[in-house]
Amino acid sequence: MIERVSLPATVPSGAAPLLTVDHLTMQFGGLIAIDDLSMVAGHSEITAIIGPNGAGKTTVFNCLTGFYKPTIGRLGLHHPDGDILLERMEGFRIAQEARIARTFQNIRLFPAMSVLENLVAAQHNKLMRVSGYTMLGLFGWPGYRQAEQDAVELARYWLDHVGLTARADDNAGALPYGDQRRLEIARAMCTEPVLLCLDEPAAGLNPRESHELNELLLYIRDEHQIGILLIEHDMSVVMGISDHIVVLDYGRKISDGTPEAVRNDPNVIRAYLGEEEDEELPPEVAADLSADRGPGEEPRA
């Protein structure tokens, strides 16, 4: 049974709140990885968490998805069926019942399974429920056959939208790196999440692939009304698609707002560059922070 609670919250953009993080602290012995973080992410919005290496971004994801139990703090998901406190749930229940999906910095596909099988495997929990956790599927129970057909149709839908239909029968491990990244996102979407957490999905992608990633994430946000929480170092992705950005440095929040506000925040500039706030940004950095840079374009001088 999921515990339902009432969670008042506001989102800076004015969207309905989806995730509320209140005073999150994560301590490992004498190390404070996250220090009193509070933030809100909105429904049908892309919220990016950025910051220098070691800022604590992935630790936030690990707390939200049950890999860590927070030392202090409340993690509230404004679920369609009622509000949930994530920190009170077992990790496996967060994916199954709270319907939070995530990807990782390192690709974690099933490389020896086909592309299609990876997406059907993502729907294992749903298929097991339909089977009654018995052998009904083996005996050809009509309800299970229909659920299995629906699972394949959902998988094919996402294969089409990530451009991998022609590779459906290939082993996932044989795909090029950029295709594997998109397949991971498609697999996460096959769990039908209410919140999609992506940990550096653009890592290792070239400019064309980053542009395709942007289009995919905007499609998920706009057409499926899914809230996306994004950790990313590629500023062409972050500034190009984010509705709301939270900036961390040494585990503390130093900025929180729209891409335009964060881009011009002197605290952000100092955290990334160690510059005094009245010093001009180097041209290549200013270009990288610009949302106007198109796919494949060279930085403007």
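In what follows, the structure referred to is the one given above.
These figures come from a predicted structure and were not determined experimentally.

Visitor: I'm lost on the packing of helix H6 (residues 177-189) against helix H7 (residues 207-224) in this one. Help?
Guide: For any two helices packed against each other, the geometry comes down to the angle between their axes and how far apart the axes lie. Axis separation between H6 and H7 bottoms out at 11 Å; the angle between their running directions is 10°. Here H6 is positioned roughly parallel relative to H7, judged by the angle of their axes. Residues Gly178, Arg182, Ile185 and Met189 of H6 touch H7, and the partners they reach there are Glu209, Glu212, Leu213, Leu216, Leu217 and Ile220. The residue inventory of the contact of H6 with H7, partitioned by class, reads 6 nonpolar, 1 polar and 3 charged.

Visitor: Help me out: how do you make sense of the packing of aromatic side chains in this one?
Guide: The description of an aromatic ring pair uses the distance of the two centres, along with the angle that the planes make with each other. Overall, the coordinates contain 4 aromatic pairs when judged by the stated rule. Taking the centre distance of 5.2 Å and the plane angle of 75° together, the rings of phenylalanine 28 and tyrosine 68 count as edge-to-face. Of the two residues, phenylalanine 28 is situated in strand E2 (residues 17-28) and tyrosine 68 in the loop between helix H1 (57-64) and strand E5 (72-79); the sequence distance between them amounts to 40 residues. For the pair tryptophan 158 and tyrosine 219, a centre-to-centre distance of 6.4 Å together with 80° between the ring planes defines the contact as edge-to-face. In this pair, tryptophan 158 sits in helix H5 (residues 142-161) while tyrosine 219 sits in helix H7, placing the two residues 61 residues apart along the sequence. For tryptophan 158, a relative accessible area of 2% gives the class buried. Aromatic ring contacts, followed pair by pair, group Tyr157, Trp158 and Tyr219 into a single cluster. The ring centre of phenylalanine 104 lies 3.9 Å from the NZ or CZ of arginine 108, which sits over that ring. It is arginine 187 that lies over the ring of phenylalanine 110; its NZ or CZ is 5.3 Å from the centre.

Visitor: I tried to follow the layout of surface pockets on my own but got confused; where do I start?
Guide: Any empty space left between the atoms is revealed when a probe the size of a water molecule rolls over them. The volume enclosed by the largest pocket comes to roughly 820 Å³. If you go around the largest pocket, you meet 28 residues; those closest to its centre are Ala95, Ala101, Ala122, Asn125 and Thr191. Among the elements of the structure, helix H2 (91-96), strand E7 (100-102), helix H4 (124-130) and H6 are those that each provide at least two residues to the lining of the largest pocket. If you tally residues by element for the lining of the largest pocket, the top one is H2, at 5 residues.

Quick notes on the rules
Residues numbered from 1 in each chain as written. Predicted model: local features only at pLDDT ≥ 70, side-chain atom pairs only at ≥ 80, totals over all residues. Heavy atoms only, no water. Axes fitted to C-alpha atoms, helices over the stretch in contact; angles between N-to-C directions. Helix = DSSP H or I, 4+ residues; strand = E, 2+ residues; numbered from the N terminus. Parallel < 35°, antiparallel > 145°, perpendicular 65-115°, else oblique. Contact = heavy atoms within 4.5 Å. Nonpolar A, V, L, I, M, F, W, Y, C, P; charged D, E, K, R; others polar. Phe/Tyr/Trp six-rings, centres within 6.5 Å; stacked < 30°, edge-to-face > 60°. Buried < 20%, exposed > 50% of the residue type's maximum accessible area, 1.4 Å probe, protein only. Lys NZ or Arg CZ within 6 Å of the ring centre and 35° of its normal. 1 Å grid on protein atoms, 1.4 Å probe; cavity = no way out; pocket = protein on both sides within 12 Å on 5 of 7 lines; lining within 4 Å. Points joined across faces, edges and corners; volume = space filled by probe spheres on them.

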